[in-house]
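These are the residues of each chain, in order.
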Amino acid sequence: MDSLSEPIAENVDPLRALTLDTLRRRTSMKWLAYPEDVLPLWVAELDVPLAEPIIQAVTDAVRLGDTGYAAGTEYATALADFAAKRWGWHSLAVERTAIVPDVMQGVVEMLKLVTGPGDRVVVNSPVYPPFYMFLKNMDRQVVEAPLGADHRIDLDVLADTFRTATAACGRVAYLLCSPHNPTGTVHTEAELAAVARLSAEHGVRVVADEIHAPLAPPDRYVPYLSVPGTADGLSLMSASKGWNLAGLKAALAIAGPAAAEELAALPEEVSHGPSHVGVIAHTAALREGVGWLDALLAGLAANRRLLADLLAEHLPAVRYTPAESTYLAWLDCRDLGLGDRPAAYFLDRAKVALTCGVDFGTGGAGHARLNLGTHPDIVTDAIRRMAASL
Ligand SMILES: Cc1ncc(COP(=O)(O)O)c(C=O)c1O
């Protein structure tokens, strides 16, 4: 494995393409945060070479000096075509989309459209830690509706949370994570329809963060806005997680028909944030990176099986349910007796960096999130180190 100059075939597992030595030459957050003796399996970056069509499109743009400001609807059109082919979702209307700098900025902007300062936003804990940070920073109150023990949305808890949150004054939104980070849960159509019903009943507006959607099995994924009853919903999508493009900033906000006017009121300055080269990269991913994505999904499925086997053999006290999507593994380490923050122990004693479960809110204590979007040898090394540290 490992030659930076050689393109990999689109049907070859990209997770097996790069050595640790090559990866350590990267200067992104994943690789800079910890010293060289630590295996970084924390932030959601993928240890893969980019899909060849993305490399080509970005290289061509840079050679041409096509590095000005983002414009046009190519990205949205590419997403609409991708969504139609992959998920059978044919009603993603390009005129009801807006380019935003990235998904979290998009989440902030969508929540500004449907709530005001001091208002409540419901989330399903444990959930992606920046949900808490960004909401706090924009002066929204986070209200938790914890997932059930099966990692699925507990609809009774959600209904109760909507009831209490709307009983106070102000507007209420629900920030849905679909698929769910950190558990990888793919919500079913029936669950999403129930979410839509409950939100309509309680006057709660839904903003769906669907950044991990390309990483779900195509026949299992249901886009939120494709579900009947979601006309006033808002969604964020991006090629960022699926194709490892976080550094090439660009995402799309999508409105259901009844939210179109609100989306049209998005302040113009928001469109100044996305990178034009990012838009080119994301468009190439959605148009020409599907073969590469399918090879990645096969590699991730293999890594989930590998992780389950490794844990059974070396760390049987850790509970792990392989997820249907994402490249994140949610490890229940409570039976190890390492306290609330097993990630701190494994960083210190095993030199493996995981994401601390406590940061995911209620339900996160005693858990850690492991990023398995990496070479299987690195997953193996990490679990062996963790087991040896106990
Ligand atoms: C659920 C979720 N939303 C948003 C993001 C961040 O996306 P962006 O970099 O486009 O803001 C992540 C990154 O891991 C994520 O897991």
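If you're wondering where the values come from, they're calculated on a predicted model, not measured in any experiment.

Trainee: Account for the sheet that holds strand β11 (residues 355-356), naming residues and giving values.
Mentor: Overall, antiparallel pairing links the three strands, which are arranged β9-β12-β11 in an open sheet. Edge strands, defined here as strands with exactly one partner in the open sheet, are β9 (328-332) and β11.

Trainee: Can you lay out the side chain of His 276 for me, pointing to particular residues and giving the numbers?
Mentor: Note that His 276 resides in helix α11 (residues 276-288). Its relative accessible area of 14% is what places His 276 among the buried residues. With near-sequence residues (within four places) excluded, His 276 lies in contact with Asp 66, Thr 67, Gly 68, Tyr 69 and Ala 70.

Trainee: Which residues make up the pairing of strand β12 (residues 367-371), and what values go with them?
Mentor: Counted residue by residue, β12 has five buried out of five residues, so it is predominantly covered. Side chains His 367, Arg 369 and Asn 371 of β12 all project onto a buried face; the interleaved residues Ala 368 and Leu 370 project onto the opposite face, where all are buried too. Here β9 runs beside β12; their pairing, made up of five bridges, is antiparallel. Looking at the pairing, Ala 329 lines up with Leu 370 of β12. Both β11 and β12 contribute to a ladder of two bridges, which runs antiparallel. Across the sheet, the residue bridging to Cys 356 is Ala 368, located in β12.

Trainee: Describe the packing of helix α5 (residues 103-114) against helix α6 (residues 130-137), listing the residues and the values that go with them.
Mentor: Running from N to C, α5 and α6 point in directions that differ by 45°, and their axes come no closer than 11 Å. One way to sum up the angle between α5 and α6 is to call them oblique. For the crossing formed where α5 meets α6, the hand is right-handed. Counted together, Met 104, Gln 105, Val 108 and Leu 111 of α5 and Pro 130, Phe 131, Phe 134 and Leu 135 of α6 form the full contact between these two elements. In the contact of α5 with α6, the residues fall into seven nonpolar, one polar and no charged.

Trainee: Which residues make up the sheet that holds strand β7 (residues 234-237), and what values go with them?
Mentor: Read across the open sheet, the seven strands follow the order β2-β8-β7-β6-β5-β3-β4; overall the sheet is mixed. Each of the sheet's edge strands pairs with one partner strand only, and the pair in question is β2 (97-100) and β4 (141-144). Across this sheet, the average inter-strand angle for adjacent strands is 25°, counted without regard to direction. As paired strands, strand β5 (residues 172-177) and strand β6 (residues 205-209) are joined by five bridges and run parallel to one another. Looking across to β6, one finds that Cys 177 is bridged to Asp 209. Helix-sheet contacts for helix α4 (residues 74-87) involve β2, β7 and β8 (251-255), and the interaxial angle to β8 is about 70°.

Trainee: Please provide a residue-by-residue account of the packing of aromatic side chains, values included.
Mentor: Evaluation of the coordinates by the stated rule reveals eight aromatic pairs. Between Phe 162 and Tyr 174, the aromatic rings sit 5.5 Å apart at their centres with planes inclined by 70°, giving edge-to-face as the arrangement. With Phe 162 in helix α7 (residues 155-167) and Tyr 174 in strand β5, this pair connects stretches of sequence that are twelve residues apart. Take Phe 162: its relative accessible area is 0%, and that puts it in the buried class.

Trainee: Explain the nonpolar core to me, using residue names and the numbers behind them.
Mentor: As a rule of thumb, nonpolar side chains are buried together in soluble globular proteins. Grouped together as the largest cluster of nonpolar side chains are 99 residues, with contacts concentrated most on Tyr 174, Trp 243, Leu 307 and Leu 331. Those residues in contact with Tyr 174 that sit more than four places away from it in its chain are Val 122, Asn 124, Ile 153, Leu 158, Phe 162, Val 195, Val 204, Arg 205, Val 206 and Val 207. Counting residues in each nonpolar core, the second largest holds 31 residues, with Phe 131, Leu 236, Leu 266 and Val 270 among its members.

Trainee: Mind laying out the state of the cysteines, listing which residues take part and the relevant values?
Mentor: Scanning all chains against the criterion turns up zero disulfides. No disulfide involves Cys 177; its sulfur sits 18 Å from that of Cys 356, the nearest cysteine.

Trainee: Run through the environment of Tyr 224, naming residues and quoting values.
Mentor: On the secondary structure map, Tyr 224 appears in the loop between β6 and β7. Look at Tyr 224 and you get buried, because its relative accessible area is 1%. Sequence separation of Tyr 224 and Asp 209 is 15 residues, and the distance between their C-alpha atoms is 9.4 Å. Once you skip the residues sitting within four places of it in the chain, Tyr 224 turns out to touch Leu 176, Leu 192, Val 195, Ala 196, Ser 199, Val 206, Ala 208, Glu 210, Thr 230 and Gly 233.

Rules of the game
- Residues numbered from 1 in each chain as written.
- Predicted model: local features only at pLDDT ≥ 70, side-chain atom pairs only at ≥ 80, totals over all residues.
- Heavy atoms only, no water.
- Pairing = 2+ DSSP bridges.
- Helix = DSSP H or I, 4+ residues; strand = E, 2+ residues; numbered from the N terminus.
- Buried < 20%, exposed > 50% of the residue type's maximum accessible area, 1.4 Å probe, protein only.
- Contact = heavy atoms within 4.5 Å.
- Axes fitted to C-alpha atoms, helices over the stretch in contact; angles between N-to-C directions.
- Parallel < 35°, antiparallel > 145°, perpendicular 65-115°, else oblique.
- Left-handed = near helix turned anticlockwise from the far one by under 90°.
- Nonpolar A, V, L, I, M, F, W, Y, C, P; charged D, E, K, R; others polar.
- Phe/Tyr/Trp six-rings, centres within 6.5 Å; stacked < 30°, edge-to-face > 60°.
- Core = buried A, V, L, I, M, F, W, Y, C linked by side-chain atoms within 4.5 Å.
- Disulfide = S-S within 2.5 Å.

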